[in-house]
Amino acid sequence: MANHQRPPGPDNLFPPQDVCNELVDLYFDIIHDKDHMLFHRPTFVSAHRKGMVDMTHIAAMMALAARFSSNPWFQDSNRWTRGSVWANYSKHLFDNRKDKVSLAAIQSCVLLSTIAFCDVDMEMESLYGAQAIRMVQLKALPDQRGESLVQRETEIRVWWTVWMLDRWASAEARIPKQLVADSRFPVPMTEQLFEQMSADWCDLNQTSPLERLQLEHRGFWAHLIPVTELIEPINELHEMTVQGRLTDLELYDHVESIASKLTSWRLHLPESLEFTPENLLRYANTGHGRILAALHSGFHHQSQLLYYQFLQPSIATNAESSTRVLEYASRCRQHATDITNLFWLARQTPRCKAMWPMVGHLLAVSSSVHLHSLLFSEDAGRVSSVKHMLKQNFEMMMELRQYWPSIDLSMSRLRSFHQACQRSMNTSFIMDHWMLQFLQQYTKPVQGRDIFHLYSGSSEPIQTSPAWMSSVGVEQGYIVDDSIAHSQVGLEVGTTILQTFL
């Protein structure tokens, strides 16, 4: 039984209804379908306006979206913390729910996991995610089908959301994945058709022939599934490289196998889903521009990770003897460039700016690739170009930092990487356990490389704060002084950090 009615509580817990409505709309515009896909927006919004939705979901949505609001009701409030009361209320409702395992509970888990990640509470992020995974297994999604087409498609989209969460979490934490996708499982349909569906559609006979044809078309998230499947083999490839288990020929064979899947994905992508300014603008007009950006950012990120380990050998004196190494390093640099250009174009296109928190990690990895070019390229034009892209990446990260505390984690990780380059630029890009931590474990601070190797055999991890943060109130790599979190001082600190790169 969902929490449709507000339990007794403080009268001022929620803002006026128009503000609540605005925050729900902001959640769907900026976060939903980019970070996760959980609801049928028309049905949910309609039910919300009638006061007939689970307040666990509403409070969580408001907690996520409040930071983006320019409504005068939030005047002088801290963007990072203005939604905390609703986040806590959502957690309270979730902990006291009557139906312990349900579709609504799974949706709540994903929302609360997102909140925990954004607030840099990584233990709770992992625990909420684990609950979502187990509930999906207990509910036997997506085999259990709802009564209407909207309900069935919602279950399908929730299942794939949790499946993707499982893939990312297992790779990041280096734990076995829990969910296996059967090839017979239906994949998400096009977002446009899903949003056009009526809540009372019960079978395909209520759709037109054109709509039935469209039902068979894959949506954005369906196209993201093959890219997400490559997270595991790419991470395993890095692990085998670090452990010295591959000869050069075996390494190249593994890379080519994964690369062929990425190439095939791109070649088979419908022309209408290619990332072009025209397509981005067209989808922006339907409210799907950000989803197009999310789709392609995932492709470019996995591609830059695949080729990342070839940056180091590409600068070796004998690199000329291996055209393959040079080609792979070039591909890595190109995909890092594509990530910067993609997010920058999205930023310049109305209703397309990438504002979900995971963008911070993608930009940090992209920036580290640009840093490699800055350090080792002898092409003056290339150096000028990567300086410009580093500035663009940093500008986007500083803008994201206004909204998400987790961006400080991405920035501190990048700064630790830069410090490693300052100590020994010729060894900073070696694929070792420290590099695995930087590329894969995006929910954890990165220790200094020297300290990591010194204590890597210890069971007690050493948490260090980058020196650049010591004067601005930092604890384990995160800014904790709210007085500067959104001030001009914070921007000046960011500018100083950027200058050390350039």
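Per an unreviewed UniProt entry, the recorded name for the protein is Xylanolytic transcriptional activator regulatory domain-containing protein, and the organism is Exophiala spinifera. Looking at the Subcellular location (unreviewed entry) heading of the UniProt record, one finds this comment for the protein: "Nucleus".

Draft legend 1. Seen up close, the pattern of salt bridges. Taken as a whole, this structure holds 14 salt bridges when the rule is applied. Of the charged contacts in the structure, one is a salt bridge between D408 and R401, with a shortest N-O distance of 2.8 Å. Of the two residues, D408 and R401, both sit in the buried class. The network of salt bridges with shared partners includes R347, K353, E395 and E399.

Draft legend 2. Spotlight on the side chain of N393. Following the sequence through the fold, N393 ends up in helix α17 (residues 380–401). Separated by 3.0 Å, the side chains of N393 and S367 make a polar contact. When neighbours within four sequence positions are excluded, N393 is seen to be in contact with T340, L363, S366, S367 and H370.

Draft legend 3. The packing of helix α14 (residues 289–307) against helix α15 (residues 323–348), seen in detail. Between α14 and α15, the shortest axis-to-axis distance is 8 Å and the interhelical angle comes to 155°. One element, α14, and the other, α15, form an angle in the roughly antiparallel class. In this structure, α14 crosses over α15, and the sense of that crossing is left-handed. Every residue of α15 that contacts α14 at A293, H296, S297, F299, H300, H301, S303, Q304 and Y307 is listed here: Y328, R331, C332, H335, A336, D338, I339, L342, F343 and A346. The residue makeup of the contact of α14 with α15, split by class, is 10 nonpolar, 7 polar and 2 charged.

Draft legend 4. The arrangement of the packing of aromatic side chains in detail. Considering all chains together, one arrives at 28 aromatic pairs under this definition. Arranged with centres 5.1 Å apart and planes meeting at 85°, the rings of W73 and F74 form a pair that is edge-to-face. The class for W73 is partly exposed, based on a relative accessible area of 41%. The rings of Y308, F376, F417, F429, W434 and F438 are connected pair by pair, giving a single aromatic cluster. Cation over ring: R97 sits above F94, and NZ or CZ is 3.9 Å from the ring centre. Directly above the aromatic system of Y283 lies the positively charged group of R282, at a separation of 4.6 Å from the ring centroid.

Quick notes on the rules
- Residues numbered from 1 in each chain as written.
- Predicted model: local features only at pLDDT ≥ 70, side-chain atom pairs only at ≥ 80, totals over all residues.
- Heavy atoms only, no water.
- UniProt positions renumbered as here; feature names shortened; annotations may be inferred.
- Salt bridge = Lys/Arg side-chain N within 4 Å of Asp/Glu carboxyl O.
- Buried < 20%, exposed > 50% of the residue type's maximum accessible area, 1.4 Å probe, protein only.
- Helix = DSSP H or I, 4+ residues; strand = E, 2+ residues; numbered from the N terminus.
- Polar contact = N/O pair within 3.5 Å; in protein donor to acceptor, adjacent residues only side chain to side chain.
- Contact = heavy atoms within 4.5 Å.
- Axes fitted to C-alpha atoms, helices over the stretch in contact; angles between N-to-C directions.
- Parallel < 35°, antiparallel > 145°, perpendicular 65-115°, else oblique.
- Left-handed = near helix turned anticlockwise from the far one by under 90°.
- Nonpolar A, V, L, I, M, F, W, Y, C, P; charged D, E, K, R; others polar.
- Phe/Tyr/Trp six-rings, centres within 6.5 Å; stacked < 30°, edge-to-face > 60°.
- Lys NZ or Arg CZ within 6 Å of the ring centre and 35° of its normal.

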